[in-house]
Amino acid sequence: VIPPVFSVRVVDDVVGMLEQFDRFQNILTAARLNVLSFAMETAVHRAPSGSGDIPYRSLRAEIATALHQSEHIVERDLNLASALTMRFPATLPRMLTGQVSPEHVRALVESADALGLGQDPDSVRVRGRYEAEVLRRAESQTPQRLRPIARKLARELARSLPKPAPFPEIGR
């Protein structure tokens, strides 16, 4: 119900402005994740072998200190950025258009556990199908409704992946 003081035109204008703010916020979040992904690639993935998790922990602490955030929050964002780059490469460019919210992206990434981390062609292909379908559904679903849809889709698609070979038995 619109209070009599406001005209429908004013409400439409306000809603339109809020939609633009949301789109801009989505773009800024995507750009931030892009920078975090670059930081992970530069500081962690290119670190000399044998350096363990020290480069990652140093990066996480440095960012947390600079942004006055907890290391837990920074770690969550670094992991999301890394997942988008390594496992779901079509999502970040889509975010940069402002059409996909960070909450939708978290639902996509966090619901994909059943698909694993494999880099073989079948795993990459199946994750691509998952990503495309979840992004399509994100256009019409809230993040809360998208999450169970994405989980179900991931479980269904995971069935088409080859089962990993069992570890050979030692001592036989």
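Predicted model only: the values in this text are computed from it and were never measured. (Residues numbered from 1 in each chain as written. Predicted model: local features only at pLDDT ≥ 70, side-chain atom pairs only at ≥ 80, totals over all residues. Heavy atoms only, no water.)

Caption draft 1: The arrangement of the overall build of the protein in detail. Secondary structure summary: the protein contains seven helices and zero strands in total. Listing the helices and strands of the protein from first to last along the sequence gives α-α-α-α-α-α-α. Against the globule reference of 16 Å for 172 residues, the protein gives a C-alpha radius of gyration of 20 Å, more extended than a compact globule. Principal-axis analysis of the C-alpha atoms places the extent of the protein at approximately 85 × 40 × 20 Å. Residues counted as buried form 32% of the 172 residues belonging to the protein. Expressed as a percentage of contacts within the protein between residues at least 6 apart in sequence, the contacts between residues at least 24 apart total 62%. (Helix = DSSP H or I, 4+ residues; strand = E, 2+ residues; numbered from the N terminus. Rg over C-alpha atoms; globule rule 2.2 N^0.38 Å. Buried < 20%, exposed > 50% of the residue type's maximum accessible area, 1.4 Å probe, protein only. Contact = heavy atoms within 4.5 Å.)

Caption draft 2: Spatial organisation of a positive patch on the surface. Together, R151, K152, R155, R159 and K163 give the surface a local cluster of positive charge. Looking at the element boundaries, R155 is found in helix α7 (residues 143-158). The exposure class assigned to R155 is partly exposed, which follows from its relative accessible area of 45%. (Patch = residues over 30% accessible without salt bridge, like charges linked within 9 Å, V, L, I, M, F, W, Y side chains within 5 Å. Areas by Shrake-Rupley, 256 points an atom, 1.4 Å probe, with all protein chains shown as cover. Salt bridge = Lys/Arg side-chain N within 4 Å of Asp/Glu carboxyl O. Lys, Arg positive; Asp, Glu negative; His and termini not counted. Charge placed at Lys NZ, Arg CZ, Asp CG, Glu CD.)

Caption draft 3: Representation of the side chain of D77. Summarising the element assignment, D77 is placed in helix α3 (residues 71-86). Taking the relative accessible area as the measure of exposure, D77 reaches 6% and is therefore buried. In this structure the side chain of D77 is engaged in a polar contact, spanning 2.9 Å, whose partner is the side chain of R106. Those residues within four positions of D77 in sequence are excluded, and the remaining contacts are R32, L33, L36 and R106. (Polar contact = N/O pair within 3.5 Å; in protein donor to acceptor, adjacent residues only side chain to side chain.)

Caption draft 4: Structural context of the pattern of salt bridges. If you walk through the whole model with that rule in mind, you get 12 salt bridges. Here D77 makes a salt bridge to R32, at a shortest N to O gap of 2.9 Å. Of the two residues, D77 is situated in helix α3 and R32 in helix α1 (residues 8-45); the sequence distance between them amounts to 45 residues. Across the pair E133 and R137 runs a salt bridge, and its minimum N-O distance is 2.7 Å. Of the two residues, E133 and R137 are both situated in helix α6 (residues 121-138); the distance of four residues between them amounts to about one turn of the helix. According to the relative accessible area criterion, R137 is partly exposed, its value standing at 33%. Connected via shared salt-bridge partners are R32, R76, D77 and R106.

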